Amino acid sequence: MHRPDAPPLAQASAGRNTGAEPSTTLEAGQIQRLLDALPALISYVDNDERYGTVNQAYER
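Residues numbered from 1 in each chain as written. Predicted model: local features only at pLDDT ≥ 70, side-chain atom pairs only at ≥ 80, totals over all residues. Heavy atoms only, no water.

1. Let's talk about the overall build of the protein chain
Each helix and strand in the protein chain was counted, giving two helices and two strands. Helices and strands appear in the protein chain in the N-to-C order α-β-β-α. Counting only carbon and sulfur atoms, one obtains 53% of the accessible surface of the protein chain, whose full area is about 5,600 Å². (Helix = DSSP H or I, 4+ residues; strand = E, 2+ residues; numbered from the N terminus. Areas by Shrake-Rupley, 256 points an atom, 1.4 Å probe, with all protein chains shown as cover.)

Here's what the structure looks like:
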């Protein structure tokens, strides 16, 4: 969801612009690296109460 008052995050990749619009989506590997870098315990539990993803701090 894009908030109108949010800063344009895609501007950070402007140096790699190939003429197309910069992408604001993250791949699964990028998201996992971001979650693993955070010191907090982070997990996602789906509707069936199963863990979808956890970060490294949560695995410890």
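2. Examining the packing of aromatic side chains
In this description, an aromatic ring pair is defined by two values, namely the gap between the centres and the angle between the planes. One pass over the full model with this rule turns up one aromatic pair. Where Y51 meets Y58, the ring centres are 5.8 Å apart and the plane angle is 55°; that geometry is what we call tilted. Assessed through its relative accessible area of 54%, Y51 is described here as exposed. (Phe/Tyr/Trp six-rings, centres within 6.5 Å; stacked < 30°, edge-to-face > 60°. Buried < 20%, exposed > 50% of the residue type's maximum accessible area, 1.4 Å probe, protein only.)

3. Examining a nonpolar patch on the surface
Nonpolar side chains collect at one region of the surface, where L41, V45, Y51 and Y58 lie side by side and expose about 420 Å² of accessible area between them. In this structure, V45 sits in strand β1 (residues 43–45). (Patch = residues over 30% accessible without salt bridge, like charges linked within 9 Å, V, L, I, M, F, W, Y side chains within 5 Å. Salt bridge = Lys/Arg side-chain N within 4 Å of Asp/Glu carboxyl O.)

4. Observations regarding the pattern of salt bridges
Summed over the entire model, instances satisfying the criterion amount to one salt bridge. D48 serves as the salt-bridge partner of R50, at 2.7 Å between the closest nitrogen and oxygen.

5. Quick word on unusual backbone geometry
Positive phi, normally seen in glycine, also occurs at E49, with a value near 60°. Of note, E49 is situated in the loop between β1 and β2 (51–54). Judged by its relative accessible area of 70%, E49 is exposed.

6. So, the pairing of β2
Here β1 pairs with β2 via three bridges, running antiparallel. Its bridge partner lying in β2, Y44 is registered against T53. (Pairing = 2+ DSSP bridges.)

7. Here's the deal with the confidence of the model for the protein chain
Taken over all residues, the pLDDT of the protein chain has a mean of 77, while the share at 70 or more is 62%. Least confident of the elements in the protein chain is helix α2 (residues 56–59), whose mean pLDDT is 90; most confident is β1, at 93. Contacts from residues 10–14, a stretch scored under 50 in pLDDT, to residues over four places away or in other chains number four contacts. (pLDDT = per-residue confidence, 0-100. Contact = heavy atoms within 4.5 Å.)

8. Some words on the side chain of N55
Within the secondary structure, N55 is located in the loop between β2 and α2. Among the residues examined, N55 registers a relative accessible area of 0% and is labelled buried. Only 2.7 Å separates the side chain of N55 from the backbone oxygen of A40, close enough to count as a polar contact. Not counting the four nearest positions on each side in its chain, N55 is found in contact with Q32, L35, D36, L38, A40, L41 and I42. (Polar contact = N/O pair within 3.5 Å; in protein donor to acceptor, adjacent residues only side chain to side chain.)

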